[in-house]
Amino acid sequence: MALSSILDRFNEPETLKMAKLCRQLRSEGVDVIDLSLGEPDFDTPAHIKEAAIKAINDNYSHYTPVAGFLDLKEAVCNKLKRDNNLDYKPENIVVSTGAKQSIANLVLAIVDKGDEVIIPTPFWVTYSEVVKIAEGTVKLVETTIENGFKITPEQLEAAITEKTRLFMFSSPCNPSGAVYSKDELAALAEVFKKHPQVYIMSDEIYEYINFIGKNESIAQFDELKERVVIVNGLSKGFAMTGWRLGFIAASAEVAKACEKLQGQFTSGTNSIAQRAAIVALNSSLDASLEMVKEFTRRKKRVMEFMAGMKGVKCLEPDGAFYIFPDVSYFFGKTDGETTIQNSPDLCMYLINKANVSTVMGDAFGSPNGLRISFANSMENIEKGYSRIAEALAKLN
Ligand code: PLP
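Position labels on residues start from 1 in each chain and follow its written sequence. Local features in this predicted model are restricted to residues whose pLDDT is 70 or higher, and side-chain atom pairs enter the listing and the counts only when it is 80 or higher, whereas totals over whole chains, interfaces and linings include all residues. Excluded from the side-chain calculations are hydrogens and water; all other atoms, namely the structure's heavy atoms, are used.

A. Main features of the sheet that holds strand 3 (residues 116-121). For two strands to be treated as a pair, DSSP must find at least two bridges joining them. Secondary structure elements follow DSSP: runs of H or I of four or more residues count as helices, runs of E of two or more count as strands, with numbering from the N terminus. One open sheet accounts for 7 strands, arranged 2-8-7-6-5-3-4; its pairing is mixed. At either end of the open sheet lies a strand with only one pairing partner, and these are strand 2 (93-96) and strand 4 (137-142). Along the sheet, successive strands turn relative to each other by an average axial angle of 20°, direction set aside. Two strands pair when backbone bridges link them, and strand 3 and strand 5 (residues 164-170) are joined in this way by 3 bridges, in the parallel orientation. Residue pairing for strand 5: E116 is matched across the bridge by T164. Most of the contacts of helix 5 (residues 99-110) go to strand 7 (residues 228-233), to which it runs at about 160°, and overall it touches strand 2, strand 5, strand 6 (199-203), strand 7 and strand 8 (246-249). Fitting a line to C-alpha atoms yields each axis, with helices limited to the stretch in contact; the angle taken between N-to-C directions then spans 0 to 180 degrees. In what follows, a contact means two residues having at least one pair of non-hydrogen atoms within 4.5 Å.

The structure is reproduced here in structure tokens:
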């Protein structure tokens, strides 16, 4: 039996494929260090878990409003005011089953067949694939280590056409760790002001995992706010990946469109996770800040490792928990047995010879890169990065 043509349009996330491969190797008894991880290795803070238990005992067992409980949407608005000094009302908020679903809703709500969507590389794996599902045209704009993996206003201006409908980016960025400053966002905003047909998706899911200060949102520029869709969620900042809770803040029109789609896809997010999310968003951020302290310590150690690896060019990340070194120096090199032609080869070489999993740069639209996580214990970081260093040193 034939399956639908939608399936031919997009790829399975390379990140999830690596996670699957790691689990499989482990079940075969291989001592794999997983540095392909895209989630904090911490447990969800106790006060949030307690809120979920209370919600179960309070019988929050029914369908919720499609866009989320009103008091959760209010908590999101309060968070946006507290952390970002942004004014939103509950009608602007849609809570979804993870930021991934928020992104899917929003792309399906905005992008029509043939519409162009600009995505600076490297980008989070899902962006391009959801655009392909919507039959939009992905237009990649290459950023490099030299410009801090950030798109310049000139590059943006050159990429926009009359057909451009959406611009998608994350700051802090997965995978590069780049964080846009207020001035850099202001310069991009000047370009967007000239092109009123373009929506801007600002993925701020790594907001709290920021090593240089406070998160700046492009939604702060008044003339743009109606066209900006903030995507955020609890997965990274509160160590709640499995709870599946994300949200958008958008114009009431876009929020309504996302709610309509979600009404057919999921009927809304898990009620227990929503009740717990209210507590997470309304409480102090102490637990998140503790996590960031530990990520900072690990990042420092990781950068020491990278400095000692010949041929590797690596930018120090300002946010998130990945490094995204340029590994093209190794293309064409061999350990006498395996020849590395590209990033996927290097990724497989590291898993086969060093038993360390990473994610190929191709998955993020940057074939010279390799994403290596530091969302793992210091012990595993020591082991994993030592193994990588040893394996790379054998390539000549
Ligand atoms: N956006 C970015 C940049 C991410 O890295 C991720 C997860 O890896 C997500 C969105 C999706 O997060 P979730 O669906 O867990 O809320």
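B. Up close: the environment of V66. Along the chain, V66 falls in the loop between helix 3 (46-57) and helix 4 (70-84). The rule is simple: take the accessible area with a 1.4 Å probe, protein chains only, and divide by the maximum for that residue type; under 20% is buried, over 50% is exposed, in between is partly exposed. The partly exposed category is assigned to V66, whose relative accessible area is 24%. Taking the C-alpha atoms as reference, V66 lies 4.3 Å from G268; in sequence the two are 202 residues apart. Once residues within four sequence positions are removed from consideration, V66 is found in contact with V95, E259, Q262, G263, S267 and G268.

C. Region of the structure containing the packing of aromatic side chains. Any two of the Phe, Tyr and Trp rings considered here, Trp counted by its six-membered ring, make a pair once their centres fall within 6.5 Å; the pair's planes then place it as stacked at under 30 degrees, edge-to-face at over 60, or tilted in between. By the definition in use, this model includes 16 aromatic pairs. Seen in terms of ring centroids, W124 and Y127 are 6.0 Å apart; in terms of plane orientation they differ by 80°. Their pairing is edge-to-face. Taken together, a centroid distance of 5.9 Å and an interplanar angle of 80° make the contact between Y206 and Y322 edge-to-face. In this pair, Y206 sits in the loop between strand 6 and strand 7 while Y322 sits in strand 9 (residues 322-323), placing the two residues 116 residues apart along the sequence. You'll find Y206 and Y322 in the same group, each marked buried.

D. Structural view of the site of the ligand. Distances are taken per atom, and a residue is near a molecule or strand as soon as one of its heavy atoms is within 4 Å of it. Within the structure, the ligand sits among G98, A99, K100, W124, Y127, N174, D203, I205, Y206, S235, K236 and R244. Polar contacts here mean pairs of N or O atoms no more than 3.5 Å apart (in protein, one a potential hydrogen donor and the other a potential acceptor; neighbouring residues in sequence count only if both atoms are side-chain atoms). Y206 is positioned such that a nitrogen or oxygen atom in its side chain is 2.8 Å from an oxygen atom of the ligand. The class makeup of the residues in the shell around the ligand is 5 nonpolar, 3 polar and 4 charged. Gly counts as polar in this scheme, as do all residues outside two lists: the nonpolar Ala, Val, Leu, Ile, Met, Phe, Trp, Tyr, Cys and Pro, and the charged Asp, Glu, Lys and Arg.

E. How the structure looks around the domain arrangement of the protein. Source of the domain bounds: an automatic or database domain assignment. Taken as a whole, the protein is organised into domain 1 (5-43 + 287-393) and domain 2 (46-282). The straight-line distance from the C-alpha centre of domain 1 to that of domain 2 is 25 Å. What counts as buried area is the accessible surface, traced by a 1.4 Å probe, that two parts surrender upon association, with contributions from both included. Roughly 2900 Å² of surface becomes buried between domain 1 and domain 2 when both sides are summed, with 63% attributable to carbon and sulfur atoms. Counting the surface domain 1 buries against domain 2, the share from its top three residues, R9, L315 and D318, is 21%. Salt bridges are defined by distance alone: a side-chain nitrogen of Lys or Arg within 4 Å of a carboxyl oxygen of Asp or Glu. For E135, the salt bridge is made with R9, and the minimal N-O distance between the two is 3.7 Å. Inspection of the domain 1/domain 2 interface yields 12 residue pairs in polar contact (both at pLDDT 80 or more). Counting residues per element, the ones that place at least two in the side of domain 1 that touches domain 2 are helix 1 (6-9), helix 2 (14-27), helix 11 (286-307) and strand 9.

F. Expanded view of the pattern of salt bridges. Throughout the structure, instances matching the rule amount to 28 salt bridges. Between D71 and R275 there is a salt bridge whose closest N-O contact spans 2.8 Å. With D71 in helix 4 and R275 in helix 10 (residues 271-282), this pair connects stretches of sequence that are 204 residues apart. Taking the shortest distance from any N to any O, the salt bridge between E207 and K79 comes out at 2.9 Å. With a gap of 128 residues between them, E207 in the loop between strand 6 and strand 7 and K79 in helix 4 connect regions that are remote in the sequence. With respect to burial, E207 and K79 carry one shared label: buried.

G. Structural detail: the environment of F305. For F305, the position within the fold is in helix 11. Judged by its relative accessible area of 12%, F305 falls in the buried class. Residues F305 and A389, spaced 84 residues apart in sequence, show a C-alpha to C-alpha distance of 7.7 Å.

H. Structural detail: the pairing of strand 3. Taken across its 6 residues, strand 3 has 6 buried, putting it largely inside the fold. Both faces of strand 3 are covered, namely the face carrying E116, I118 and P120 and the face carrying V117, I119 and T121. Sheet analysis places strand 3 next to strand 4, joined by 6 bridges and oriented parallel. Bridged to E116 within strand 4 is T137. Crossover handedness for the path strand 3 to helix 6 (residues 126-133) to strand 4: right-handed. Crossover handedness is defined by viewing with both strands directed away from the observer: a clockwise path from the first strand over the helix to the second marks the crossover as right-handed.

I. Fine view of helix 5. Multiplying one less than the number of residues by 1.5 Å gives the expected span of a helix. With 12 residues, helix 5 should reach 16 Å at 1.5 Å per residue; the first-to-last C-alpha distance of 16 Å fits that figure. Buried within helix 5 we find A99, Q101, S102, I103, N105, L106, V107 and I110.

J. Representation of the pairing of strand 2. Side chains I93 and V95 project from strand 2 onto one buried face, and the interleaved V94 and S96 project onto a second face that is buried too. Pairing of strand 2 with strand 8, which is carried by 4 bridges, proceeds in the antiparallel orientation. Bridged to V95 within strand 8 is F247.

K. Structural view of the packing of helix 4 against helix 10. Helix 10 packs onto helix 4 with a crossing angle of 25° between their chain directions and a minimal axis gap of 9 Å. Our classification of the angle between helix 4 and helix 10 gives roughly parallel. Between helix 4 and helix 10 lies a crossing whose hand is left-handed. Where helix 4 approaches helix 10, its residues D71, L72, A75, V76, N78, K79 and R82 are matched on the opposing element by Q274, R275, A277, I278, L281 and N282. Classifying every residue of the contact of helix 4 with helix 10 gives 6 nonpolar, 3 polar and 4 charged. Note that the term roughly parallel is reserved for angles under 35 degrees, roughly antiparallel for angles over 145, roughly perpendicular for angles of 65 to 115, and oblique for everything else. Take the far helix as the reference: if the near one is turned anticlockwise from it by less than a right angle, the crossing is left-handed, and if turned clockwise, right-handed.

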